[in-house]
Amino acid sequence: MTLQTEPISINFGPQHPSTHGVFRMRVTFDGELIVDVEPVFGYLHRGSEKLAEERTYTQVVTLTDRMDYVASMTNNQAYILSVEKLAGIVPEPRGVWLRMIAAELQRIASHLVATGFLIQDLGALGTPLMYAMREREKILDLFEMMCGARITNSYLRPGGVFADAPDYFWQALRQFMDDIPGQVDEMEELLGSSEIILQRTKSVAVLKPGDMVNAGITGPMLRAGGVDWDLRHRNSYDYYDRVQFDRPLHHASDNFARYWVRIQEMRESIKIVEQCIKAIEPGPVRPKSVPFLVRPPKGDSYVGIECPKGELGFYLVSDGGVSPYRCHVRAPSLMNLTLLKEMLVGTYMADMFVSFGSTDINMGEVDR
Amino acid sequence: MPTFLDNSWFRNIYCNLVENDSARCASGGWFGDGILPNNLAWLAYTVAAFVICFAILNALLGSVIVYIWAWRRVFARFQRRSGPNRWGPFGMLTTVADAIKTMFKEDVVPAEADRLIFNIAPVLMVVPVFMVFAVIPFGAGTFFVDLNVGILFIIAVTSGSVLAVVMAAYGSANRVAIFSGMRSVALLMSYEIPMAISVIGAVMVAGSLSLGRIVEAQDVPFIIVMPLGFLVFAICALAESNQTPFDIAEAESELGSGYLNDYSSMKFGMFYLAEFAAGIAAAAIITTVFLSGWRGWWPIPSQFWFFGKMGAVLFGMMWIRFTWPRLRPDQVMGLAWKGLFELTLINLLSTGIMVAVFADEEAPGDLFSANELWIMAAVNWVVFVVSIWAIGKVLAPKPYRAAMLEAPVQLYPVGVDEMPAVKAAGAAD
Amino acid sequence: MAVAIRAFAPGAVASHYRDSVWVEPTEWLALATALRDRREFTFDLLNSISAVDYIGYFEVVYHLTSLRQNRSAVVKVKCGEGRKDPIVPSVVSVWRTADLQEREAYDLMGIRFEGHPNLKRIMLWEGFPGHPLRKDFVTYDQSVVPLEAQQAVAERKAQDGA
């Protein structure tokens, strides 16, 4: 006798504990196996691109904070670089070093969150997440010293940053730099020594490198598939060509590889920050010649940077006025979801949110 | 062999009430004979039963409240938080406040729900857990009833909670809950079997199903005599009480509490209560069967020994729960059928052979002496190490690196220029 | 770049300025395939699709990157001359990235991508009036508040009259 079965479809989200925000998936199951996935976006759409058209170039910086609220500094950086390219501003060296420090600290913080949430998605009751968050708190404290804000920093300005970091920041940063390598080791040990984590993450949600490139997936996900593509290295913006760092690659392209790459990247970021601290010299943090009301000439510019989640690009069109004529964001979180269906179909329900979380999604950026 | 009611609290209360029942009260009660004449023995029986039920329920509710408080405090310590610390000393009254709040919340029943089943499920969830405590000896002479089939009773009663979970899942008419219910059934059914078989080792050595007798037999705690049995039983107890890494039914990060999804107010409170009471029950059973129950050294009273050991077991369970991730459902089933089932059979075999060797033909009721138990322990530890190693070999997944080497992934061509050093892959393995 | 394209597809390039190349919409799909596959281009990564409303016409901007050669290019497609019916062939079959980005451009700018398998609104709900990133879109602030203010004024007048 054969039992007659039929697939069952369930809505996950937008209010679900593991959707990393307000994301909704319409998933069809055959037993525990996923047979179809349909993502539904837009629950956090705030029309940032439209809002940007009504604000001055400096005011738009605050909008970029709210896109990927886990990595505000890199959002600022991408936007500012695009504005600088558009307006032809040459930034001050100290400002550039400062924003590189900020961006790399932000990368560590973002990867910590991603790694912590992996273990959370795997079903641990939050303890590993708390340990990741503890380190992130220290980074947020550093940001607070730098610019007075913890999450929505708005620290960067065209030509550099808006204020120099105070003296006590450097002491705190030194302290942090002494602590963090041990914490990253601890994190890696936690991830790599738990048999349950290895069994759950290895060989799950494997993507082919060629497919990933075709689908525009960038960042740690792509490097976990063995594609050596890092914009900091390939298309050096700021002073990334003056620092030495490796690009960790993994070949498995599964959930474990993605997190392995993230943890290794934290180490590389630490290296970069160390070099930035050595290289930074006293001086102004933004050129005096840049007015507060930037009026770039007519034209357009696109700058993509390597943000913690992938390539974050800002396409700005100027009509010569004080505000962008058009501001389009190339959001890595959204692009990385292109292959969501390919990733999830054929895996088990329990792995659904782990694979989904391994793209390191942030709904603020997806919906903007 | 102890009789049905010998020296239990039930018997003491009964014998203090009834006037003349030489069959059941050979030496009378604590205060001599009672006042009720013999033809009102049924009344004494009923009163005793009510008193016992009242005592069990309240003691258990109280201990659950303390346990939840301790759970949250320990959890907070694990996470470097301070936990509940506002209400009462060290926040001890937080749970009480929570319980009161839960009672006053609105009780929502989904429109599509099967109301009868939906409402009965929480009750059915709580009852079996509480029934377990009827047969557990908390100390020397401190037990409610010493059933001669005690361990069988426990296994029979606890499997009833499957029904409650399925009813809750079905009754809420919620697809996520249905998933959770199916998972729960598969999990509990699978783990009942190794659990029951692993207990049989202890039963064979003790020569009885009675929990009191099992405690008496433990001149050497059974955790030392049969480590394999303890391991399997502890894992199964974790699974039965829905703890990480086996909490696939609740699965907060996937199903968002699963079958509890649609419950609110005190119905949810009852599930919550049952969950924590099940944890206590599991710890109590482990303590009784494998950690020599209330036995300890003078001058600390036996009750303290029992609760101390139980607390240690609970702490171990909490530790696992707070730190471990969850297994996938198929891995959970695989562990039960491919790993634990074999291990428990090995344990049964080795213990059974030794029981047959050491058994005294002339005095069938005798317990094994400590020396005999130590010899058994030595043999069982060898079996334990060998079988764990062997099962680990068989069950271990293919190593990552080997699999990678067999099928090297083609690197995607990037850049024609010469690139600086690239960190090698897979160095973490 | 424009020279290289003209070498095999003479009719495709409409004009070029600095690193940007304007392409005829009708030729775009064939050209996209060529840009991805031909050895001299190998633009395997489509970074971004942006749609811009230039009042008189719409422009869809494609930022392409070649991982193999480590260089990038900008391709622009003009469409909807006179703000009427902007249609661009979809490149989902060439680059999967285009899937979500074209949906976004359709949703917010109202550009129809022909051949897209699932061209639905992505950020906004079905039935949302208009496409908000267009320059002629009347925002809530501009439309509703003055109306309310008008009503308030009218009410006050009516009360005064009474």
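Scoring rules and cut-offs
Each chain has its residues counted from 1, following the order in which its sequence is written. Here chains are named by letter from A upward and ligands by number from 1 upward, in the order in which they appear as written. Reporting of local features is limited, given that this is a predicted model, to residues whose pLDDT is at least 70; pairs of side-chain atoms are given and counted only at 80 or more, and all residues count toward the totals for whole chains, interfaces and linings. Hydrogens and water are ignored here; the side-chain numbers use all heavy atoms of the structure. Runs of H or I in DSSP of at least four residues are treated as helices and runs of E of at least two as strands, each being numbered from the N terminus. Residues count as neighbours in contact if any of their non-hydrogen atoms are within 4.5 Å of one another. Accessible surface area values rest on a Shrake-Rupley calculation with a 1.4 Å probe, where residue burial reflects the displayed protein chains alone. A simple rule labels every residue: compare its accessible area, found with a 1.4 Å probe on the protein chains alone, to the largest value its type can have, and call it buried under 20%, exposed over 50%, or partly exposed in between. Counting rule applied: Lys, Arg positive; Asp, Glu negative; His and chain ends not counted. The location of each charge is read from NZ of Lys, CZ of Arg, CG of Asp or CD of Glu. Think of it this way: DSSP has to see at least two bridges between two strands before they count as a pair. Think of a salt bridge as a Lys or Arg side-chain nitrogen and an Asp or Glu carboxyl oxygen that are within 4 Å of each other. Without a salt bridge and with relative accessible area above 30%, a residue can belong to a patch; like charges are then joined within 9 Å and nonpolar side chains (Val, Leu, Ile, Met, Phe, Trp, Tyr) within 5 Å. Angles shown run from 0 to 180 degrees and are taken between the N-to-C directions of axes, each axis being a line fitted to C-alpha atoms and, for helices, limited to the stretch in contact. Accessible area that two parts lose when put together, with a 1.4 Å probe and added across both, is what the buried area reports. We define a nonpolar core as any set of buried Ala, Val, Leu, Ile, Met, Phe, Trp, Tyr and Cys residues linked to one another through side-chain atoms lying within 4.5 Å. Where each domain starts and ends follows an automatic or database-derived domain assignment. Orientation is classified from the angle alone, with under 35 degrees giving roughly parallel, over 145 giving roughly antiparallel, 65 to 115 giving roughly perpendicular, and any other angle giving oblique. Should the near helix be turned anticlockwise from the far one by less than a right angle, the crossing is termed left-handed; should it be turned clockwise, right-handed. Here the nonpolar group is Ala, Val, Leu, Ile, Met, Phe, Trp, Tyr, Cys and Pro; Asp, Glu, Lys and Arg are the charged ones; every other residue, Gly included, is treated as polar. Confidence scores labelled pLDDT are given residue by residue by the predictor and lie between 0 and 100.

Chemist: Tell me about the overall build of chain B, and name the residues and values.
Modeler: The helix and strand tally for chain B stands at 15 helices and 0 strands. Residue pairs in contact within chain B that sit at least 24 positions apart in sequence constitute 73% of those at least 6 positions apart. A total accessible area of about 20200 Å² is found for chain B, and carbon and sulfur atoms account for 70% of it.

Chemist: Before we move on, can you summarise the overall build of chain A with the specific residues and values?
Modeler: Tallying secondary structure elements over chain A gives 15 helices and 8 strands in all. When the backbone C-alpha atoms are referred to their principal axes, chain A occupies close to 85 × 45 × 35 Å. Scored against the burial criterion, the 368 residues of chain A give a buried share of 67%. When contacts within chain A are restricted to residue pairs at least 6 apart in sequence, those whose partners lie at least 24 apart make up 71%. Across chain A, the centroid of the 38 positively charged side chains sits 5 Å from that of the 47 negatively charged ones.

Chemist: An account of the pairing of strand E2 (residues 20–23) of chain C is needed here, citing residue identities and associated values.
Modeler: Residues and elements named next belong to chain C. Side chains Ser20 and Trp22 project from E2 onto one buried face, and the interleaved Val21 and Val23 project onto a second face that is buried too. Judged from the 4 bridges that link them, E2 and strand E5 (residues 71–79) form a sheet pairing that is parallel. Looking at E5, one finds that Ser20 is bridged to Val74.

Chemist: Describe the pattern of salt bridges, with residues and values.
Modeler: In this structure the tally under the stated criterion is 43 salt bridges over all chains. One salt bridge in this structure joins Glu137(A) and Arg150(A), with 2.5 Å as the shortest N-O distance. A residue pair is termed long-range when its members are at least 10 positions apart, and Glu137(A) in helix H5 (residues 127–147) and Arg150(A) in the loop between H5 and strand E4 (156–157) qualify at 13 residues. With relative accessibility at 34%, the residue Glu137(A) sits in the partly exposed group. Exposure remark for Arg150(A): the relative accessible area of 27% places this residue in the partly exposed category. Of the charged contacts, one joins Asp107(B) and Lys267(B) as a salt bridge, the two residues approaching to 3.1 Å between their closest N and O atoms. On the criterion of sequence distance, the pair formed by Asp107(B) in the loop between helix H3 (94–104) and helix H4 (115–132) and Lys267(B) in helix H11 (residues 265–290) is long-range, its members being 160 residues apart.

Chemist: Pulling in residues and values, what's your account of a nonpolar patch on the surface?
Modeler: Residues and elements named next belong to chain B. A cluster of nonpolar side chains, contributed by Trp87, Leu93, Val96, Ile100, Met103, Phe104 and Met266, occupies part of the molecular surface with about 720 Å² of accessible area. Tallying contributions element by element places H3 first for the nonpolar patch, with 4 residues. Within the element layout of this structure, Trp87 appears in the loop between helix H2 (41–78) and H3.

Chemist: An account of the environment of Ile34(A) is needed here, citing residue identities and associated values.
Modeler: Residues and elements named next belong to chain A. Locating Ile34 in the fold gives a position in strand E3 (residues 33–40). Along the sequence, Ile34 and Glu189 sit 155 residues apart, while their C-alpha atoms lie 31 Å from each other. When near neighbours in sequence (up to four residues on either side) are disregarded, Ile34 contacts Val27, Thr28, Phe29, Leu344, Val345, Gly346, Thr347, Tyr348, Met349 and Met352.

Chemist: Go over the sheet that holds strand E1 (residues 8–12) of chain A, please, and point to the residues and values.
Modeler: Taken together, the 3 strands give an open sheet; going across it, the order is E1-E2-E3 (chain A), and neighbouring strands pair in antiparallel fashion. In this open sheet, the two strands that pair with only one neighbour each are E1 and E3 of chain A. Sheet twist, expressed as the mean angle between neighbouring strand axes with direction ignored, is 20°. When strand E2 (residues 24–30) of chain A meets E3(A), the two strands line up antiparallel, connected through 7 bridges. Considered in E3(A), the bridge of Arg26(A) is made with Glu38(A). Sheet strands in contact with helix H7 (residues 175–206) of chain B are E1 and E2 of chain A, and its direction is about 115° off that of E1(A).

Chemist: How would you explain the interface of chain A and chain C if you had to name every residue and give the values?
Modeler: Across the contact, 34 residues belong to chain A and 41 residues belong to chain C. At the boundary of chain A with chain C, total buried surface from both sides reaches about 3100 Å², with 55% on carbon and sulfur atoms. For chain A, the biggest contributors to the area lost against chain C are Lys50(A), Asn214(A) and Tyr325(A); these three give 20% of the whole. Between chain A and chain C we count 4 salt bridges in total. Between Asp300(A) and Lys76(C) there is a salt bridge whose closest N-O contact spans 2.6 Å.

Chemist: So what's going on with the side chain of Arg121(C)? Residues and values would help.
Modeler: In this fold, Arg121(C) is placed in the loop between strand E7 (112–114) and helix H4 (140–161). In this view, Arg121(C) contacts Arg103(C), Tyr106(C), Asp107(C), Glu126(C), Phe128(C), Gly130(C) and His131(C); residues no more than four positions away in its chain are not counted.

Chemist: Quick rundown of the nonpolar core? Include the residues and the values.
Modeler: Residue and element names in this part refer to chain B. Leu187, Tyr191, Phe222 and Tyr259 are the most contacted members of the largest nonpolar core, which totals 106 residues. Looking at which element gives the most residues to this core, the answer is H11, with 15 residues. Split by domain, this core shows at least three residues from each of two domains, domain 1 (1–104) and domain 2 (116–394). Residues contacting Tyr191, with those up to four places away along its chain left out, are Ile235, Cys236, Ala239, Glu240, Phe246, Val332, Leu335, Ala336 and Leu340.

Chemist: Talk me through the packing of helix H6 (residues 167–193) of chain A against helix H11 (residues 255–279) of chain A; I want residue IDs and the actual numbers.
Modeler: When two helices pack together, their arrangement is captured by the angle between the axes and the distance separating the axes. Residue and element names in this part refer to chain A. Viewed as axis vectors pointing N to C, H6 and H11 meet at an angle of 165°, and their least axial separation amounts to 11 Å. Relative to H11, the element H6 lies roughly antiparallel. For the pair H6 and H11, the sense of crossing is left-handed. Here H6 contributes Leu173, Arg174, Met177, Ile180, Pro181, Val184, Asp185, Met187, Glu188 and Leu191 to the contact with H11, which in turn contributes Phe256, Tyr259, Trp260, Ile263, Gln264, Met266, Arg267, Ile270, Val273, Glu274 and Ile277. Grouping the amino acids of the contact of H6 with H11 by side-chain chemistry returns 15 nonpolar, 1 polar and 5 charged.

Chemist: How would you sum up the confidence of the model for chain B? Please name residues and give values.
Modeler: Residue and element names in this part refer to chain B. Per-residue pLDDT for chain B has a mean of 78; in total, 83% of the residues score no lower than 70. Confidence drops under a pLDDT of 50 for residues 405–409, and excluding neighbours within four residues, the segment shows 4 contacts in the predicted structure. When the criterion is pLDDT under 50, residues 416–429 qualifies, and its contacts beyond four places in sequence or with other chains add up to 35 contacts. Confidence estimates for the predicted assembly give a pTM of 0.82 and an ipTM of 0.79.

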